[in-house]
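# Geometric and topological summary
Okay, here's what each chain looks like letter by letter:
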Amino acid sequence: MPIELQNNFTGGLNNRYPAHLIPDGFNSTAQNVDLSYRDLRSDKGTGTDSFDPAGSRFFYEAASSWIGSTGFSSAQFSEINLTNNANQTISTNTTASDPVTVNIGSTLTVSSGALSVESQGDGFEVANSFVEYADDLYVSRSGYSFTANSIANTGTNGVCEIVYLSSDVGKFHIGDEIVGLQFSNLSLITDINKATGEITLNKAALSTTSSPTNLQANATAVRYMDGNISTSLVIGVDIPTPSFNISKQTGGATFDGYSTKWISSSFPIPFQYGVSAIDDTGIESGLSESSDQGAINILDLSASVANRSAPLKINISGLSQGKYFIYRIGDTSAVYKLLEYLYQTSSSTTFDFGARGSGSGVPATAQRLTIVDTGMPTGTQYAVRWYAATGTSSASASAGDYTPTGTTAFTTGSTIDLHTQVGTHDLFVEVIVKFDGDDREYVAGAGYIENGAALVNTSLDTYLDYRNAQTLALFSPFTQSNQPPRNLKFLTEVNNFFFASVDKRLYISRSGQANVWPIDAFIDFDAKITGLGRRGSELIVFTQFALFRVFGNAFDSMRKVEIPTREGIPDNLHLTISEVKGGLIYANLNGIHYYDGSSVQQLTRNLLETFTLPSGNYSSNVAGSYDDQYFLLADAGLGYKIDMRDGSFKLSRTTLNASNLFYRGATNKLYTSDSIIGIGSNLEYTVQTRDFTGGQINSSKLLSALTINADSFTGSVTPVVDGVDQTSETVSFTNQNLNRKVYVSNPLPGEKFAVKIVSTAGELNEVGVEYLDPSQNSLSRFDSITIKYTGTPSFSVKIDDTEKIASTTLPSFTGDVAEKTYYFPAMTEGTVPHLIGVETETNKIVSYSYESERV
């Protein structure tokens, strides 16, 4: 009887070819199989690790925290904010959002269970991409819609306050722009009050309403610094929009001190000023619009030595509290140079200089600066810096050692004494401030003291300028915007550059500066960008029908080169992109593709008859890679796995499901939103061999048995005749490398046979079919059957599907192999004899033969 076997299963799935023409090693179905061995074995499912719990969309290594759509946790937790003698009791395990606030007179009781507090962050519900770089987390966010229950102009400044629908709370972030007919340009969120469900804008609304209104918002990209997840910042810094008032300082004295002839006699270049903002992390914005160069009469300034020695009073309005750089162009400098570090105080911060020797306890030689620093950062230090306005003036931080210029000691107190000599003392003074963690000294106000007169807060100017252009450091500002556009998508870091897109435009940051995005740093494409990926040091840009390489050493010298393929990705399939094995794998409607740096291979075209994404909802398809394996999954249905561990691409299907996949290099694990792939129990795998035909697809055959060689195998085998499943048989092997023959109950006629295997344990080394050639059979009279066997197997015999020898257990014996003959009933005639054995590892039929004569 002919036997055909398949003992190589490493090829994986191939159902594109006719089943009898599948190459060696391939299978017409391959599901949940580990293809890294020559045999067949189960793939591992998902599992959990109490010491390494899975999280959500992204793991922020510097903060050791998972991030989901609701922030740094897997759920949107309730807020606990007890006020006005309110009481709350916790009686079950409860997780609350950070912070938990219990005001005076209120009580929070945990009677049983545990109270956990989770930091959440703002705006994660619309986050579309995460990048961790140098311990900082950068998040790009998509534009969004929300429902406003009311729009009103309230508060002391009359700015807009919007009461939002509670379900929208996870969308907002400070800096987002609210757009619509009700709002002027750049109406930005400045505050989010989750307790009252309100957002505050920087401007008043153009129209108000108390009716529910659908609004749109443009989302900022945000960042978290050094693992601190309690505070998020906008990427980049908004360019300030100041107003300048510039005038000439007047006084009774002749300015022949530090300001003498600070303006050159020729004076070819007009003065202009601009400011840039500095955030608390030291990031600088682009330069503001410059002051009006015509605000000062150029000819008047250079007309005489006296005019050339008079300082300019620079008063700047329209700045919010914070740090700034002030730049100047003019006189002998045709480029902007850094003039000074500037700090804009709050409106409640005041500085008052008393007249010389005035006030209780003030020394007769001193002018006392009184500081009210309401609203200033904790730990702010103050000092007074002075410069002689006339050649005979001087001052001191104590009642001695008078000098033309100097600085008092920094203090956190509320008064500073500046001592002057008897007689005239005309001084330029600056109140300077320092902050924790910042070595710079910022000017918080400046003025001119003439003959020891008092100088109150209202008389202080923002800055007095009498700096010679040649003494200024050539420290140039960003003259172009350095804040990325809103509604960025696909934020990606490659080779120290950050990339993101809006529609057809790719935006690029400066090298190593994720917060600096020059206004001219972009590349336009012919079609909408649908995804970004990386391969080594190159960015790969996807559109629906094209791929591009983008590379370069500077933001303004990036090149784009189209890759020869029409296999891009449509919208919402960007989560299928994954870097693996020196290349990039992604999926579209036509299949799964691999980009190796020079060309795109269609991995599934020659393997699958038809390709269908795991989910019809494009955004539900997610991909991830680890250990040279690519997984394409969805939250339901069958997914795909491509195994590249031996250098080839082996395709199989998988029952694994996931709504998110994230690979952590620190642990070398691939995580779903609640488990880890590859550490769970064995999955139930299914494989169907190629069709066995004996080389004659059109010849009829009779399947009599299936043969199996396996190790510790548990599962079922099903004969498949001409593509139709037959009755399954359960098989269990407890030992290694054992053979088993599974007999069918009746010979099965057909032209091609396959074997379907379903298993949860063990390794299958070989499987095959045993069949008869019916052309070799003729009507015969059967006399007996002789059986050689080991152990005590049982058997029965059918002639033309009719049982002629009932189930019989072969007798035990002494020795290695026994032989026994059994006789058929008299005059037993038929065409096809069929033995049915029942075997175990120790009880097997070695061979059998019939004694018959042709009729």
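Scroll up to find the structure.
These lines cover the structure that appears in this document, whether it is placed above or below. (Residues numbered from 1 in each chain as written. Predicted model: local features only at pLDDT ≥ 70, side-chain atom pairs only at ≥ 80, totals over all residues. Heavy atoms only, no water.)

## A closer look at the overall build of the protein chain
Within the protein chain, the secondary structure is distributed over 2 helices and 69 strands. If one aligns the C-alpha atoms of the protein chain with their principal axes, the spans along those axes are about 145 × 65 × 55 Å. In the protein chain, which comprises 855 residues, the share counted as buried stands at 51%. Roughly 36,400 Å² of accessible area belongs to the protein chain as shown, and the carbon and sulfur atoms make up 46% of that amount. (Helix = DSSP H or I, 4+ residues; strand = E, 2+ residues; numbered from the N terminus. Buried < 20%, exposed > 50% of the residue type's maximum accessible area, 1.4 Å probe, protein only. Areas by Shrake-Rupley, 256 points an atom, 1.4 Å probe, with all protein chains shown as cover.)

## Thoughts on the sheet that holds strand 25 (residues 243-248)
What the 3 strands build is an open sheet, ordered 25-27-38; its pairing is antiparallel. Either end of the sheet is taken by a strand with one partner, and the two such strands are strand 25 and strand 38 (463-465). If you compare each strand with its neighbour and ignore which way they point, the axes differ by 25° on average. As paired strands, strand 25 and strand 27 (residues 312-317) are joined by 6 bridges and run antiparallel to one another. In the sheet register, Asn-245 faces strand 27, and the bridge partner there is Asn-315. (Pairing = 2+ DSSP bridges. Axes fitted to C-alpha atoms, helices over the stretch in contact; angles between N-to-C directions.)

## Points about the pattern of salt bridges
Close approach of charged atoms lets side chains of opposite charge pair. With the rule as written, the count across this model stands at 36 salt bridges. In this structure, Lys-323 engages Asp-438 in a salt bridge whose closest nitrogen and oxygen atoms are separated by 2.9 Å. Of this pair, Lys-323 sits in strand 28 (residues 322-331) while Asp-438 sits in strand 37 (residues 438-449), and the two are 115 residues apart along the sequence. We note that Lys-323, like Asp-438, is buried. The salt bridge partner of Glu-770 is Lys-741, with a shortest N-O separation of 2.9 Å. Remark: Lys-741 occurs in strand 62 (residues 738-750) and Glu-770 occurs in strand 63 (residues 753-772); sequence separation between them is 29 residues. One connected set of salt bridges, linked through shared partners, spans Asp-49, Asp-52, Glu-61, Arg-664 and Lys-669. (Salt bridge = Lys/Arg side-chain N within 4 Å of Asp/Glu carboxyl O.)

## Here we look at the packing of aromatic side chains
One pass over the structure, following the stated rule, counts 43 aromatic pairs. Residues Trp-66 and Phe-662 carry aromatic rings whose centres are separated by 5.7 Å and whose planes lie at 80° to one another, so their mutual orientation is edge-to-face. Pair noted here: Trp-66 is in strand 8 (residues 65-67) and Phe-662 is in strand 55 (residues 662-664), with a separation of 596 residues, a long-range link. In this pair, the class of Trp-66 matches that of Phe-662, namely buried. A connected cluster of aromatic rings, assembled from ring pairs, spans Phe-58, Phe-59, Trp-66, Phe-124, Phe-130, Tyr-224, Phe-662 and Tyr-671. Stacked on the ring of Tyr-341, the Lys or Arg Arg-440 has its end atom at 5.5 Å from the ring centre. Between the NZ or CZ atom of Arg-505 and the centre of the ring of Phe-522, over which it lies, the distance is 3.7 Å. (Phe/Tyr/Trp six-rings, centres within 6.5 Å; stacked < 30°, edge-to-face > 60°. Lys NZ or Arg CZ within 6 Å of the ring centre and 35° of its normal.)

## Quick word on the sheet that holds strand 64 (residues 780-790)
Here 3 strands make up an open sheet; going across it, the order is 67-64-69 and the pairing antiparallel. Of all strands in the sheet, those with a lone pairing partner are strand 67 (818-830) and strand 69 (844-854), marking the two edges. Taken pair by pair, the neighbouring strands of this sheet meet at an average axis angle of 20°, ignoring direction.

## Details of the environment of Phe-267
As for its position among the elements, Phe-267 is in the loop between strand 25 and strand 26 (269-278). Of the residues examined, Phe-267 reaches a relative accessible area of 5% and is grouped as buried. C-alpha of Phe-267 to C-alpha of Val-494: the two residues are 227 residues apart in sequence and 48 Å apart in space.

## Thoughts on the environment of Leu-201
For Leu-201, the position within the fold is in strand 21 (residues 198-201). If sequence neighbours within four positions are ignored, Leu-201 has contacts with Val-159, Cys-160, Ile-162, Ile-178, Phe-183, Ser-187, Leu-188, Ile-189 and Thr-190. (Contact = heavy atoms within 4.5 Å.)

## Structural notes on the side chain of Lys-650
Looking at the element boundaries, Lys-650 is found in strand 54 (residues 650-654). Judged by relative accessible area, which is 3%, Lys-650 ranks as buried. Here Leu-35 takes part through its backbone oxygen, which lies 2.6 Å from a polar atom of the side chain of Lys-650. Among the polar contacts listed, one links the side chain of Lys-650 to the side chain of Asp-646, at a separation of 3.0 Å. Aside from chain neighbours lying at most four places away, what touches Lys-650 is Thr-10, Gly-11, Leu-35, Ser-36, Lys-641, Ile-642 and Asp-643. (Polar contact = N/O pair within 3.5 Å; in protein donor to acceptor, adjacent residues only side chain to side chain.)

## Digging into the pairing of strand 43 (residues 531-535)
Bridge analysis of strand 43 against strand 44 (residues 538-542) gives 5 bridges, and the strand direction is antiparallel. Bridge pairing links Gly-531 to Phe-542 in strand 44. Connecting the antiparallel pair strand 43 and strand 44 is a turn made up of 2 residues, with Gly-536 showing a positive phi of about 60°.

## Observations concerning unusual backbone geometry
With a phi angle near 55°, Asp-226 is a residue other than glycine that sits in the positive phi range. Looking at the element boundaries, Asp-226 is found in the loop between strand 23 (222-224) and strand 24 (233-234). What makes Asp-226 exposed here is its relative accessible area of 61%.

## Overview of the side chain of Ser-288
Checked against the element boundaries, Ser-288 lands in the loop between strand 26 and helix 1 (298-301). Look at Ser-288 and you get buried, because its relative accessible area is 7%. With residues near it in sequence (within four places) discarded, Ser-288 still touches Ile-239, Pro-240, Pro-242, Phe-244, Gly-274 and Val-275.

## Comments concerning the pairing of strand 54
With 4 of 5 residues buried, strand 54 is to be regarded as a mostly interior element. Relative to strand 54, strand 53 (residues 639-643) runs antiparallel, the two being bridged by 5 bridges. Bridging from a neighbouring strand, Tyr-640 pairs with Arg-653 of strand 54. The hairpin turn running from strand 53 into strand 54, its antiparallel successor, is 6 residues long, and Gly-647 in that turn takes a positive phi close to 95°.

## Details of the environment of Ser-396
In this fold, Ser-396 is placed in strand 33 (residues 395-396). When the C-alpha atoms of Ser-396 and Ala-366 are compared, they prove to be 9.0 Å apart, with 30 residues separating the residues in sequence. Every residue in contact with Ser-396, bar those within four places of it in the chain, is listed here: Trp-386, Asp-401, Tyr-402, Leu-418 and His-419. Polar side-chain contacts of Ser-396 include one of 2.5 Å to the backbone oxygen of Ser-398. For Ser-396, the side chain forms a polar contact with the main-chain oxygen of Gly-400, separated by 2.4 Å.

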